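As a plain string of letters, each chain reads:
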Amino acid sequence: MRKKIVAGNWKMNNTINEGLLLVDEILKGLSENQESDVLKIIAPSFIHLNSISNKISGIKNLELAAQDCHQAELGAYTGEVSAKMLVSTGCKYVIIGHSERRQYFLESNELLAKKVDTAMANGLIPIFCIGENLSQRNINQHFDVIKEQLQKSLFHLSANDFSKLIVAYEPVWAIGTGNTASSEQVQEIHSFIRLEVEKKYGVEISSRFSILYGGSCNAQNAKELFACADVDGGLIGGASLKAVDFIKIINSFL
Ligand code: 13P
């Protein structure tokens, strides 16, 4: 059985107090709803990890993710945060390869492979983001781009390690634009990803790992997107900053 997952990527939003307030609202919303087997993940910025971890520790199906980690174990990397430091906050997951990191911080497929290795060596589960930009889609390169991202950053992993991670398909043209990919487009790519994984690791692993969709996924369109055969949930940006919307998205599975 594949896990159903809704993860909220807060990006560079929320002060300490705003973050704690949002988590309180999310907890209240979850307690008012029927308990579900959906895994909920909150991915705030580094400054929030420790305090939110203290608040949510022990709550079933609610976990914490960081938005990035450094590829080195430790050392003289001013401003960076290591995987081990993340684990020490109680964080279990880490987003790696978000398109904003690829675009603004020039993170390559090769660098991201190193980040994945370091995260996994420290026991963190990567939520690995892949996806094409608009010009690549316009010239019909999206399948090649996604295949290359998988091959260069993930396909060096052992089958055992690959089976632990989560992949998120986030077409860059859909992120923060309101241009959500259609459920047909999303299903087409997700089944392509599953097929590539099947070719590499076999059907048992390809049918078991979770693939999330991200890109203007919101309380209105989540139900339709999550109903696609190969969509196991969402990686939510803007709509995860409002507790009511985030809860509605989680409940889209019900
Ligand atoms: P939006 O939901 O704001 O489009 O962001 C998606 C995203 O980048 C999640 O990682």
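Residues numbered from 1 in each chain as written. Predicted model: local features only at pLDDT ≥ 70, side-chain atom pairs only at ≥ 80, totals over all residues. Heavy atoms only, no water.

> Even after reading the chapter, I still don't get empty space enclosed by the protein, so can you show me in this structure?
Inspection of every chain in the model, using the stated rule, returns one cavity of 30 Å³ or more. The computed volume of the largest cavity comes to approximately 50 Å³. As for the largest cavity, its lining consists of G97, S99, R102, C129, I130, G131, Q149, E170, V172 and I175. Taken together, the elements giving at least two residues each to the lining of the largest cavity come down to α4 (99-104) and β5 (125-130). Looking at the lining of the largest cavity, its residues break down into four nonpolar, four polar and two charged. (1 Å grid on protein atoms, 1.4 Å probe; cavity = no way out; pocket = protein on both sides within 12 Å on 5 of 7 lines; lining within 4 Å. Points joined across faces, edges and corners; volume = space filled by probe spheres on them. Helix = DSSP H or I, 4+ residues; strand = E, 2+ residues; numbered from the N terminus. Nonpolar A, V, L, I, M, F, W, Y, C, P; charged D, E, K, R; others polar.)

> Hey, could you run me through the site of the ligand in this one?
Looking at the ligand, the residues that line it are N9, K11, H98, E170, A174, I175, G176, G215, S216, L235, G237 and G238. A distance of 2.7 Å separates an oxygen atom of the ligand from a polar backbone atom of G176. Contacts to the ligand include S216, whose backbone N or O atom sits 2.8 Å from an oxygen atom. For the ligand, whose unbound accessible area comes to 310 Å², protein coverage reaches 94%. Across the shell around the ligand, the residue classes tally to three nonpolar, seven polar and two charged. (Near = heavy atom within 4 Å. Polar contact = N/O pair within 3.5 Å; in protein donor to acceptor, adjacent residues only side chain to side chain. Areas by Shrake-Rupley, 256 points an atom, 1.4 Å probe, with all protein chains shown as cover.)

> Any chance you could explain the layout of surface pockets here in plain terms?
If a probe as big as a water molecule is rolled over the atoms, it shows which places are left empty. By volume, the largest pocket is sized at about 490 Å³. As for the largest pocket, its lining consists of 21 residues, and the residues nearest its centre are K11, M12, Q67, R101 and F105. Partitioning the lining of the largest pocket into residue classes produces eight nonpolar, eight polar and five charged. Each pocket or cavity is described by its volume, and for the second largest pocket that value is around 270 Å³. If you trace the second largest pocket, you find 15 residues lining it, with R102, G131, Q136, V145 and Q149 closest to the centre. Put simply, the parts of the chain that give the lining of the second largest pocket at least two residues each are α4 and α7 (142-153). Split into classes, the residues belonging to the lining of the second largest pocket amount to two nonpolar, eight polar and five charged.

> Quick question: what am I supposed to make of the packing of aromatic side chains here?
The relation between two aromatic rings is expressed through the spacing of the ring centres and the mutual angle of the planes. Scanning the entire structure with this criterion turns up seven aromatic pairs. Where F155 meets F162, the ring centres are 6.1 Å apart and the plane angle is 65°; that geometry is what we call edge-to-face. Seen in terms of ring centroids, F155 and Y201 are 5.7 Å apart; in terms of plane orientation they differ by 85°. Their pairing is edge-to-face. Placement of F155 in the loop between α7 and α8 (159-162) and of Y201 in helix α9 (residues 183-201) is noted, with a sequence separation of 46 residues between them. The two residues F155 and Y201 agree in class, both being buried. Ring pairs connect the aromatic residues F155, F162, Y201 and F209, which therefore count as one cluster. The ring of F105 carries R101 above its face, with NZ or CZ at 3.9 Å from the centroid. One cation-aromatic arrangement involves K200 over Y201; the distance from NZ or CZ to the ring centre is 5.8 Å. (Phe/Tyr/Trp six-rings, centres within 6.5 Å; stacked < 30°, edge-to-face > 60°. Buried < 20%, exposed > 50% of the residue type's maximum accessible area, 1.4 Å probe, protein only. Lys NZ or Arg CZ within 6 Å of the ring centre and 35° of its normal.)

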